[in-house]
Every structure is written in C-alpha cells, then in structure tokens.
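Close look at the chain arrangement
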Amino acid sequence: MLFVQEIDLWYRKDVRYPEYANVRNSLKFVPIDTNVIRPDCEVLYHYSKLEQSPDGIDKWHEYYSRFGAEIFGEEIYTFGNGHTLRSVPVHILSDSENYNIMFYDDVYKTVFTLSPEQYGRIQYNERFVTEYAWYYRMHTINFISCDKNKFREKMFFKKIPDYEYKNMQYLKYC
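For the structure given in this document, a descriptive report is provided here. (Residues numbered from 1 in each chain as written. Predicted model: local features only at pLDDT ≥ 70, side-chain atom pairs only at ≥ 80, totals over all residues. Heavy atoms only, no water.)

1. As for the packing of aromatic side chains
Tallying each qualifying case throughout the model produces 10 aromatic pairs. On the basis of an interplanar angle of 40° and a centroid distance of 5.8 Å, the ring pair of W10 and W60 is categorised as tilted. On the criterion of sequence distance, the pair formed by W10 in strand β1 (residues 2-11) and W60 in strand β3 (residues 56-67) is long-range, its members being 50 residues apart. Exposure remark for W60: the relative accessible area of 40% places this residue in the partly exposed category. Through a chain of ring-to-ring contacts, three or more aromatic side chains come together here, namely W10, W60, F128 and Y135. Cation over ring: R24 sits above Y11, and NZ or CZ is 3.7 Å from the ring centre. (Phe/Tyr/Trp six-rings, centres within 6.5 Å; stacked < 30°, edge-to-face > 60°. Helix = DSSP H or I, 4+ residues; strand = E, 2+ residues; numbered from the N terminus. Buried < 20%, exposed > 50% of the residue type's maximum accessible area, 1.4 Å probe, protein only. Lys NZ or Arg CZ within 6 Å of the ring centre and 35° of its normal.)

Quick look at the structure:
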C-alpha cells in the first residue's frame, strides 16, 4: 500500500524573511489520524493545508481520500477532491510491488521508484493570486510504501527519505 501526505503551506510576502523561511523549511510532515486507515484501498492520500503568518503556522483544512487501482491508470490522475484550488502535478504508476512516482515539470518524468518499506519526498513551490491577495505556496509531498499495519501517527518522522526530489529553484504560477 502507498500512503501519500501533501502539505500545502500558504504564506504572504510579510513572512518571506529568513526566520520565517527556516520554520517553513523545517516542516516536512504532520501527524496522521490513524483512525482513517481501512483495508479497502491501495493508496491513502492525506492533504493538510496550512498558513504561515507572523504569529506562526496554523492549520486551515485537512482531509483524507482513498483510492483503488484506478489511480494507476493510463490517464494522468491528480489528487484532490474539490477542496483544493489546483491539482497536484504527480502521477503514480504501479507494478505488483513498486510505485513509480512521476512529477510534472513541463513533461511527466519519473523522479523515483519506491519499493516496499521505502520513503520518498517531493518539494516544489508556486505563486497563487486571488482577487484579494498574492500568496506563495510551498508543497511537500511524502510517499511511503508499507503494509497498512505499519501506519502510525508519526510515520514520516524518519528524518531522511530514501529518495528526495526538489523543484524549488523555479517558482511556478498556478
């Protein structure tokens, strides 16, 4: 089974300074509600939307989605269920035990392949403009391939992933 956790951290220009950036960059995972784990899915997706202000980081919204084999089809599948304002640029292909994790950067490319018991992370950033404000967004997407019985509240607290892909140099517009 594959567990995917996306952290979508929104912030404005008043917290672009180094002391705030250090806090943002240290946030790699959030605790998981283990009560949502059921044996009826192949991929469990956890989305956590956060906002950073001068007062700290607050949780705005959180949800879990369950997916079966349909997520591995030929069509480019994006996470989300209407709660987010954009789609995640990630596609997953699976053979019987491994997961090929692909990231869209003009084209989809495989950034790593997870075998059982492996952990990977993708990080990217973007700008988002509403009619009221200009936001920056930092995305951290954690992937772990493991049996359902190994799910824990702090399963991503392993500090160093087996694979890591960063696309932080270019600030995407959404």
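2. Some details on unusual backbone geometry
Phi is positive for E117, close to 70°, though the residue is something other than glycine. Relative to the assigned elements, E117 resides in the loop between β6 (108-114) and β7 (119-129). Judged by relative accessible area, E117 falls into the partly exposed class, the value being 42%.

3. Here's the deal with the side chain of K49
Structurally, K49 can be placed in strand β2 (residues 43-53). Filtering out sequence-adjacent residues up to four positions away, K49 remains in contact with D8, W10, D58, K59, W60 and H61. (Contact = heavy atoms within 4.5 Å.)

4. Brief notes about the nonpolar core
Membership of the largest hydrophobic core comes to 22 residues, with the highest contact counts inside it found for L2, V90, I92, I101, I122 and F143. Among the secondary structure elements, those contributing two or more residues to this core are β1, β2, β3, β4 (90-94), β5 (99-104), β6, β7 and β8 (134-145). Counting 15 residues, the second largest nonpolar core, distinct from the first, contains F3, L44, F151 and M155. (Core = buried A, V, L, I, M, F, W, Y, C linked by side-chain atoms within 4.5 Å.)

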